[in-house]
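# Commentary on secondary and tertiary structure
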Amino acid sequence: MKRFRQISFGLALAASTVGFGSTASAANICFAFQDLETEFWVASHKAIVETLTEMGHSVIERNATEDVNRQLEQVRDCVAQGVDGIILIPQDGESAVTIVKEATSNDVPIVVFNRPPANNDNGVIVVADNAAIAETAAGFVLEQAIAAAPSDAKLHAVVIVGDLGDTNAIQRKKGFEAAVAKFPERFDVTEVASDWDAATALANLEAAVTAKPKIDAMFTSSDFLFPTIRSVLEPRGMWKKSGEEGHIPLAGLDGDATACKLIKEGYVDATGVQDLYFEAEASVNAIVKAIEAGETDPNEVIADPGFALTTANLAEREMDMWGCKLLAEGFLDN
Amino acid sequence: MKRIMKRLVGFTLSHSTAVFFVLILLWFGVQAPQFLQPESLANIIKQSSFIGIAALGMTVVLITGGIDLSVGSVMFLAPLIAGMAMRSFGLPVEAGFVVAMVVGAGLGGLNAFFIVVLRVVPFIVTLASLFVFRGFGTWLTSSTQFDFPERMRTFGLSNVLGIPTPILVFAVTAVAIHIMLRHTGAGRQIYAFGNDREAARKAGLAVELIEARAYIISSVCAAISGFVMISQIGRLDVGFGQGREFDVIAAAVLGGASLFGGVGTALGAVAGATLIQTAKLGLVFTGVNLYMQPIILGTVIFAAMVADGIRGRRLRDKLARTIRPLGSS
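All values reported here derive from a predicted model rather than from experimental measurement.

Calculation rules
- Residues numbered from 1 in each chain as written.
- Chains lettered and ligands numbered in written order.
- Predicted model: local features only at pLDDT ≥ 70, side-chain atom pairs only at ≥ 80, totals over all residues.
- Domains from an automatic or database assignment.
- Contact = placed C-beta atoms within 7 Å.
- Nonpolar A, V, L, I, M, F, W, Y, C, P; charged D, E, K, R; others polar.
- Buried ≥ 20, exposed ≤ 12 C-beta atoms within 10 Å, placed from the backbone.
- Helix = DSSP H or I, 4+ residues; strand = E, 2+ residues; numbered from the N terminus.
- Pairing = 2+ DSSP bridges.
- Right-handed = clockwise from strand over helix to strand, strands pointing away.
- Axes fitted to C-alpha atoms, helices over the stretch in contact; angles between N-to-C directions.

### Section: the domain arrangement of chain A
All names here are of chain A. By domain assignment, chain A separates into domain 1 (2-127 + 275-305) and domain 2 (130-273). Here the C-alpha centroids of domain 1 and domain 2 sit 32 Å apart. On the side of domain 2, nine residues touch domain 1, which itself brings nine residues to the contact. Of the residues belonging to the side of domain 1 that touches domain 2, the class tally is three nonpolar, two polar and four charged.

Following this line, the structure appears as structure tokens:
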């Protein structure tokens, strides 16, 4: 908690140094998010709300609980209340287009956090390069699998895919495919649908592992599925630490506290990290800047390059990952 | 030949769910023979247990002519409270299981109170409780995931006499609901209520008690279902169970339960849940394109529903003929 406050304070301080933190008048900012179901969303929500509050702005929070129609109504309500700007975490790319248009057509600037609209025509979009991050993380475990196998062996990789209606899930899938494409003819790939749901992932992964029990590498499109993967692999004696006989090189994406813990323990080899604090800071800065400048339809894409935390760079980059910071604060000690 | 075809069509329609089940098994078995291996079949049943247990309870509610939209939220809230009790008081998993059932009964009782005592429509009551129960659980967890003690996973991944615990719980629940519906007065009263509430009341049945009992059974089943699934993962995410009410209703209806009441069986619910899971896992097993999977699954469920609808109409037609006086033209 103390660490988090330090980070929030740092963000506020950084904002003030670029000229709008201390001089800006207090603004009414609507923060409409789709849910708070994963560590990533919880930490993002906290970073954005605390930073805005510490900068002296008032925040109207709206949780859509994964209902796109409700989120649209909530944004309309915010507009009707005369907010100065909106930060949006949409449920999906398609609904984001509608909501962004709703805001900009009413002359309210809007910033979309992390989950991009299906087109970039309006609003400020802060988004991680999911494809590149996934490619780096998946590439790390695919290389490990190749290094451990005979040079002519055909290998089997499993990818757990997210909700196919979510742009981020698609980008992560593409990133994994790009990583596999670097090793032509070396991998047979099994795709497993998760719909971002642990129970669905459990059932489908069990079926996939039963169908093809020999797995040389695995990539999950989100770190929150690591406990599910463990539940499938452990009873089959396939949940092994790196260096142990039968270890499956395993990578994820998000950079959450569970992933950090599992990398440290040796069960997971890599995770693609979205730089949550960079994205939160960029979103807050962008909306405040637009309000200050009186811009009603700022249009810009701010890319979070992200990185992959791996067993190879853990020592140097551990504290660059938001999940490791949360882990150090005792996030998993509930 | 025509007669044989007619009989074949008749047989297919009379046993539509079973026929679909066999066809799906064969279809995927031909494409991937290991799909028919015992491990794969056991996995299908194990994964069916999640929706299947809840579908058993839903079937009881559907027989009364009601509906329970809150099952997905009960799947989430009951295990959560049980997990908190396990951690706070150091309860063993078995005691946690009982706590989940008691919480489920309490949540079902709450639904029943509004439906039976205050006479609010079940759809509205359970739609509201869907949000209230989930909201309460989200508040309890502060939107963060809840990790169960390690012994929870030991329970979920355990076997009894070689049978995975989730399958065992599924079987015991199915047998209990089957016996209750088929071999007890309480079960017969549920059918009587579902067929004609007013006639049941005039016959002296305690209709309020019958209806309340159905919602409590449904919630207890949902609580068991959630607990059994969570015991396999060891972690409860806030989104757990969300939208599952539709899977549960689909499984119950696919198993022959009527949305208009009076019809449905425990075995049907088991068959419905297993059919859906067989199709789902078969698509994964044979590596069907991810975009095609929901389309094919939806088509299979739709076809099974249509066949079941035709079967129901034929049955009604046959029954209608039997009430005509013999010898009349």
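### Quick notes on the pairing of strand β4 (residues 110-113) of chain A
Residues and elements named next belong to chain A. Here β4 shows a buried face lined by Ile 110 and Val 112 and a second buried face lined by Val 111 and Phe 113. Bridge count for strand β3 (residues 85-89) against β4 is three bridges, and the pairing is parallel. Within β4, the residue paired with Ile 87 across the bridge is Val 111. On the question of chirality, the crossover connecting β3 to the parallel β4 by way of helix α4 (residues 93-105) is right-handed.

### A look at the environment of A:Lys173
Residue and element names in this part refer to chain A. With respect to the element layout, Lys 173 can be found in helix α6 (residues 167-181). For the pair Lys 173 and Asn 130, spaced 43 residues apart in the sequence, the C-alpha separation amounts to 9.0 Å. In this structure Lys 173 touches Val 159, Val 161 and Ser 221, once residues within four positions along its chain are discounted.

### Here we look at the sheet that holds strand β6 (residues 155-161) of chain A
In any sheet, the strands associate via hydrogen bonds between backbone groups, in a parallel or an antiparallel arrangement. Residue and element names in this part refer to chain A. Strand order in the open sheet formed by six strands is β7-β6-β8-β9-β10-β12, and the pairing between neighbours is mixed. Here the strands that pair on one side only, and so sit at the sheet edges, are β7 (187-193) and β12 (307-310). Along the sheet, successive strands turn relative to each other by an average axial angle of 20°, direction set aside. The pairing of strand β9 (residues 250-254) with strand β10 (residues 270-273) spans four bridges and is classified as parallel. What sits directly across from Asp 254, in β10, is Val 273. Together, β6 and β7 form the strand contacts of helix α7 (residues 198-211), whose direction differs from that of β7 by roughly 150°.

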